[in-house]
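# Remarks on the overall topology
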Amino acid sequence: TKKILAAMSVWGLIFSIVTIARLGVAFDYDDTLVHSEESFAKASRSVQQAGSPPYWNIVNNAYDLETPKILPYGLACLFRGFGFRIRILADRQASGGDALRKEWRRLAPKGFVFVGAPENKHLHLQDGRFVLFFGDSDRDMLEGKNAGVSAIRVRRGMKSVATDEYNPGRMGEKVLPLSEY
């Protein structure tokens, strides 16, 4: 029982310091926190013009087809348990995105943001006290660097449909092992 009490005391101390300092951790959404290729495939089959509001409406409402990536999602829950604010940044338009925000409200209350374009992420990382940013693309690593936040690379799954630059470790960032699952 002494070890349990000591562990709870350490957790309480860390939780208090992190919450008082209002520290946060940010995650990119697609290919970082979840495998989202199925929702994009559904939208591509249903709508002829990719990138249109109906396309994003289908993608944002097909979250039931997305599966969380084990290690990044576990880390997000762990950081949340230690008192860090979690922000999720999605490279999507917000059309029909209220249900998706609601789906992630427990992990990131008021922290699910549709950035629209990947080059806007640093703007959302600068306005908080973020200590880490987890992302998958080279652009994510640059956005973290531009915001002055330590960026950690999450590997993409084998079925990823992302087309942006992806070169793990090339920019000198830390790469999260086994994060592709």
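Quick look at the structure, then. (Residues numbered from 1 in each chain as written. Predicted model: local features only at pLDDT ≥ 70, side-chain atom pairs only at ≥ 80, totals over all residues. Heavy atoms only, no water.)

## A closer look at a nonpolar patch on the surface
A cluster of nonpolar residues, Ile 70, Leu 71, Leu 178 and Tyr 181, forms a patch on the protein surface that exposes about 450 Å² of accessible area. With respect to the helices and strands, the residue Tyr 181 is situated in the segment after strand S8 (174-176). (Patch = residues over 30% accessible without salt bridge, like charges linked within 9 Å, V, L, I, M, F, W, Y side chains within 5 Å. Areas by Shrake-Rupley, 256 points an atom, 1.4 Å probe, with all protein chains shown as cover. Salt bridge = Lys/Arg side-chain N within 4 Å of Asp/Glu carboxyl O. Helix = DSSP H or I, 4+ residues; strand = E, 2+ residues; numbered from the N terminus.)

## Structural notes on the sheet that holds strand S5 (residues 112-114)
Strand order in the open sheet made by the six strands is S5-S4-S1-S6-S7-S8, with parallel pairing throughout. The sheet is open, and its two borders are formed by S5 and S8, each paired with just one other strand. Across this sheet, the average inter-strand angle for adjacent strands is 25°, counted without regard to direction. Alignment of strand S4 (residues 85-90) against S5, held across three bridges, turns out to be parallel. Bridge pairing in S5 links Ile 88 to Phe 112. Along the sheet, helix H4 (residues 70-81) makes contact with strand S1 (23-28), S4, strand S6 (129-135), strand S7 (150-154) and S8, crossing S1 at roughly 165°. (Pairing = 2+ DSSP bridges. Axes fitted to C-alpha atoms, helices over the stretch in contact; angles between N-to-C directions. Contact = heavy atoms within 4.5 Å.)

## A few points about the side chain of Asp 138
By the secondary structure assignment, Asp 138 is in helix H7 (residues 138-147). Residue Asp 138 is classed as buried on the basis of its relative accessible area of 10%. A polar contact of 2.7 Å, which involves the side chain of Asp 138, links it to the side chain of Arg 153. (Buried < 20%, exposed > 50% of the residue type's maximum accessible area, 1.4 Å probe, protein only. Polar contact = N/O pair within 3.5 Å; in protein donor to acceptor, adjacent residues only side chain to side chain.)

## Observations regarding unusual backbone geometry
Positive phi, close to 55°, is recorded for Arg 22, a residue that is not glycine. Following the sequence through the fold, Arg 22 ends up in the loop between helix H1 (2-21) and S1. The exposure class of Arg 22 is exposed, given its relative accessible area of 52%. A positive phi angle, close to 60°, is found at Lys 110, a residue other than glycine. Of note, Lys 110 is situated in the loop between helix H5 (98-103) and S5.

Function cannot be read off these values alone, since they describe shape.
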